[in-house]
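Remarks on the overall topology
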Amino acid sequence: MELIFEISKTGRRAADVPKCDIPEIAIDSLIEKKYLRDDLDLPEVSEIDLVRHYTNLSRRNFGVDLGFYPLGSCTMKYNPKVNETVATFTQFTSLHPYAPDAFAQGNLRLLDETQKHLCDIFGMAHFTLQPAAGAHGELTGIMIIKKYFEQKGENRRFVLIPDTAHGTNPASGALCGFETLTLRSNKEGDVDVLHLESLMTEDVAALMLTNPNTLGLFEKNMEKVAQIVHGKGGLIYGDGANANAFLGKTRPGDLGFDVIQLNLHKTFSTPHGGGGPGSGPVGVSSVLADFLPVPRITKKGGIYGWSYDFPLSIGRVRAFYGNFNVVVKAYAYIRSLGAEGLTRASEMAVLNANYIKEKLKSYYDLPYDRVCMHECVFSGKRQVAESGVHTSDIAKRLIDFGYHPPTIYFPLIVPEALMIEPTETESKETLDAFCEAMMEISREAKENPQRVKDAPLTTPVRRLDEVLAARKPDVVWKK
Ligand SMILES: *Cc1c(COP(=O)(O)O)cnc(C)c1O
C-alpha cells in the first residue's frame, strides 16, 4: 500500500472554501517571518483518495469486530455496542470533572451503584474505581496491604507469587518495596501446598494469587491455601484478570481473598488491545476499607458527594475519578445482563474453552489434562520434536487462516505454550472453524513444515525482526 505522501499531487485538495471577501494583507506584517514555514511536506489529496487511504489502512488492523481473537488471559470478548452508545450520552461525556457535586448527582450515583454491584458480584466490602488498568489496580492493592501492615507496626518484607503469575504481579510487589518469592505449582497445576507452607512466615505480607490461574485451572486447594496464609497473619491478594470464568458461580470474598483487582476492559465490556483506556477497580474486605484511595463517594441524606476525610487512606492513585467512561460501559453491561446473564456468560466462556480443549487435545500436547475454566493451555512441544515447528510458527500461520493468534509462551512454566481463550461470545461454528484451522496447521507441520515456518504468507509484511520493529519502527517516508 502507498503512503499518503506518495499519492499526493500538488494543488489537489479535499475541501474548497468560498473566496474570501475580506481584503488581503501580507501575513508577515502580522507574524515574524521566522514562524512562517513553507518547508512542511504536507500531502495534497482529494477527499475520496483521503477516505480510501484511511479506510484501507484501517482494514489492515485486526479486531474482535473482524474475526475470532482467542488471545488468552486478555478476554477479547465481543462487547455489545449498546454499552458504547450509553457511554457516549452527553450527560456523561460533557460533564466537567470540576463540576460541583450538586450538578453531578447522576454520575456519582452511577459510580456508587457500580461499586455496590461489584461488591455483590465479588463478595468484597468496598470498591474503588480509581485505578486505570489491571496493573495499576495491583499496585493500588499492594499499597493498601503495605499500609495495613505499617498501621499494625509490622514490617513484613516478602510477597509470594506463584510461578504461573502474570509479570505485572512481581512488578507491583517490587514497586511497593517488597521482595518477591516464587511459589511452585504442583503437577496438577495448583499451588504446591507444601512449598507454600515452607515459604509462609510472619515475614510474608501477602500471597498474590490468580484464580483461576493462568493455566486456566481453578485452584483445588483454595481453602487450605487461605488457611496457611491467614494462619501467619498474611493477606491474600487476588489478581482478578480471570474473573470472566466465575461470575455468579463463586466470589473471591467468600474464598478468602482480602483484596482483588478487576479488569473492566477484560470482563466488563470495554474493548481493548489497542492501548485504549482501561479500568482496574480494587475491592477490599472491611478490615482494609480505611486504606482505600481518596476521594471516596459518600451519600448523606440522599445526596452524593466526594469525601477526602479518610486519614489512613493511601491517597490518590489517579487524577479525578478514574476512567469514568469505562465504568459507564461496565455499569450498562452489568445492568443489561443482570445476575442471570452474567452467570450465563461465565458458563458459556468455560464451556467454549473446554470444547476447544477436547477437540484439539489429540493434535497438540495438553500438559494439564483436566476440566479447565475460561481458557486452555496447550504446548507446541510435540510439533517442535516432530518437525522443528515452533509455537511462534503456529501462531503466525493462524494469521493466514484469518485468526488472531492465541497468547504464546505464557505462562512460563509451559514450554512452547499456546494459551487459548475463546470467550462466551463465539458460536459453535466459529469454534469449529478455528479448531479446523489448528488441526490443518498440525497436519501441515508434519507434511510441509517449511510452509508453517514461512508463515504468514498473506500479510503485507511477513516475518519481522520483532525486537527491532518495536524499538526502531520503519515509519519514516524517504522521498
Ligand atoms: C491482563 C492481566 C493483567 C494486567 O492487566 P492490565 O489491565 O493489562 O494492566 C494482570 N494479570 C493477568 C493475569 C492479566 O491477564
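What counts, and where the lines are drawn
For every chain, the first residue of the written sequence is number 1, and numbering continues from 1 onward in sequence order. Given that the model is predicted, a residue must reach a pLDDT of at least 70 before its local features are reported, and side-chain atom pairs must reach 80 or more before they are shown or counted; all residues, however, enter totals for whole chains, interfaces and linings. Working from all heavy atoms in the structure, the side-chain values ignore hydrogens and water. Residues belong to a common nonpolar core when they are buried Ala, Val, Leu, Ile, Met, Phe, Trp, Tyr or Cys residues joined through side-chain atoms within 4.5 Å. Between buried and exposed lies partly exposed: a residue is buried under 20% and exposed over 50% of the maximum accessible area for its type, with that area taken using a 1.4 Å probe on protein chains only. Secondary structure elements follow DSSP: runs of H or I of four or more residues count as helices, runs of E of two or more count as strands, with numbering from the N terminus. What counts as a domain boundary in this text is fixed by an automatic or database domain assignment. Contacts between residues were defined by any pair of non-hydrogen atoms, one from each residue, lying within 4.5 Å. Here is the rule: rings of Phe, Tyr and Trp (six-membered ring for Trp) pair when centre to centre is within 6.5 Å. Planes less than 30 degrees apart are stacked, more than 60 are edge-to-face, and the remainder are tilted. Should the NZ of a Lys or the CZ of an Arg lie within 6 Å of a ring centre and within 35 degrees of the ring normal, that charge is described as sitting over the ring. Here a residue counts as near a molecule or strand whenever at least one of its heavy atoms sits within 4 Å of it. Counted as a polar contact is a pair of N or O atoms within 3.5 Å, where, for protein atoms, one must be capable of donating a hydrogen and the other of accepting one, and residues adjacent in sequence contribute only when both atoms are in side chains. Here the accessible surface of atoms and residues is derived via Shrake-Rupley with a 1.4 Å probe, and residues count as covered only by protein chains that are part of the display. By the convention adopted, Pro, Cys, Tyr, Trp, Phe, Met, Ile, Leu, Val and Ala count as nonpolar, Lys, Arg, Asp and Glu as charged, and the other residues, Gly among them, as polar. Pairs of strands are assigned from DSSP output, requiring at least two bridges between the strands. Only residues whose relative accessible area exceeds 30% and that take part in no salt bridge are eligible for patches, with like-charged residues grouped when within 9 Å of each other and nonpolar side chains (Val, Leu, Ile, Met, Phe, Trp, Tyr) grouped when within 5 Å. Just to be clear on terms, a salt bridge is a Lys or Arg side-chain nitrogen sitting within 4 Å of an Asp or Glu carboxyl oxygen.

1. A word on the nonpolar core
Residues Leu118, Phe122, Phe127, Leu196, Leu262 and Phe268 are the most contacted members of the largest nonpolar core, which totals 56 residues. Going through the elements one at a time, α2 (81–87), α4 (105–122), β2 (158–162), α7 (193–199), β4 (204–210), α8 (222–231), β9 (303–307) and α11 (324–360) are the ones with two or more residues in this core. Ranked by the residues each element gives to this core, the list is headed by α11, at 12 residues. Counting residues domain by domain, this core receives three or more from each of domain 2 (81–336) and domain 3 (344–469). Not counting chain neighbours up to four residues away, the residues in contact with leucine 196 comprise Leu160, Leu183, Val191, Val225, Ile228 and Val229.

2. Some points on the packing of aromatic side chains
Applying the stated criterion across every chain yields a total of 16 aromatic pairs. The interplanar angle of 90 degrees and the centroid separation of 6.1 Å between the aromatic rings of phenylalanine 68 and tyrosine 403 together place this pair among those described as edge-to-face. Of this pair, phenylalanine 68 sits in the loop between α1 (47–58) and α2 while tyrosine 403 sits in the loop between α13 (391–400) and β11 (407–408), and the two are 335 residues apart along the sequence. For the pair phenylalanine 68 and tyrosine 403, one class covers both residues: buried. Here a set of aromatic residues connected by ring pairs shows up, and it is made of Phe122, Phe127, Phe246, Phe268 and Tyr333. Between lysine 146 and the ring centre of phenylalanine 178, over which it is positioned, the NZ or CZ distance is 4.9 Å. Directly above the ring of phenylalanine 310 sits arginine 296, whose terminal nitrogen or CZ lies 4.2 Å from the centroid.

3. Considerations on the site of the ligand
Taken together, Ser73, Ala133, Gly134, Ala135, Glu138, His166, Thr168, Asp239, Ala241, Asn263, His265 and Lys266 make up the full set of residues adjacent to the ligand. At a separation of 2.5 Å, a nitrogen atom of the ligand approaches a polar side-chain atom of aspartate 239. A distance of 2.9 Å separates an oxygen atom of the ligand from a polar atom in the side chain of asparagine 263. Protein chains bury 86% of the 370 Å² of accessible surface belonging to the ligand in isolation. Taken together, the elements giving at least two residues each to the shell around the ligand come down to α5 (134–151) and α10 (264–267). Examining the composition of the shell around the ligand, we find that 3 residues originate from one element, α5, more than from any other. Residue composition of the shell around the ligand, by class: 3 nonpolar, 6 polar and 3 charged.

4. Points about the pairing of β9
The buried fraction of β9 is high, at 4 of 5 residues. Where strand β8 (residues 296–300) lies against β9, 5 bridges are found, and the strand directions are antiparallel. Note that in β9 the partner of lysine 299 across the bridge is tyrosine 304. The loop that links β8 with its antiparallel partner β9 comprises 2 residues; one of these, glycine 301, has a positive phi angle of about 55 degrees.

5. A look at unusual backbone geometry
The linkage connecting valine 294 with the following residue, proline 295, adopts the cis geometry, with an omega of 0 degrees. With respect to the helices, strands and loops of the structure, proline 295 is situated in the loop between β7 (282–284) and β8. Phi at threonine 75 takes a positive value of approximately 50 degrees, unusual for a residue other than glycine. Along the chain, threonine 75 falls in the loop between α1 and α2. Assessed through its relative accessible area of 1%, threonine 75 is described here as buried.

6. As for a nonpolar patch on the surface
Residues Ile25, Ile27, Leu30, Ile31, Tyr35 and Leu36 make up a contiguous nonpolar surface patch of roughly 620 Å² in combined accessible area. Tracing the backbone through its elements, the reader meets isoleucine 31 in the segment before α1. Exposure remark for isoleucine 31: the relative accessible area of 34% places this residue in the partly exposed category.

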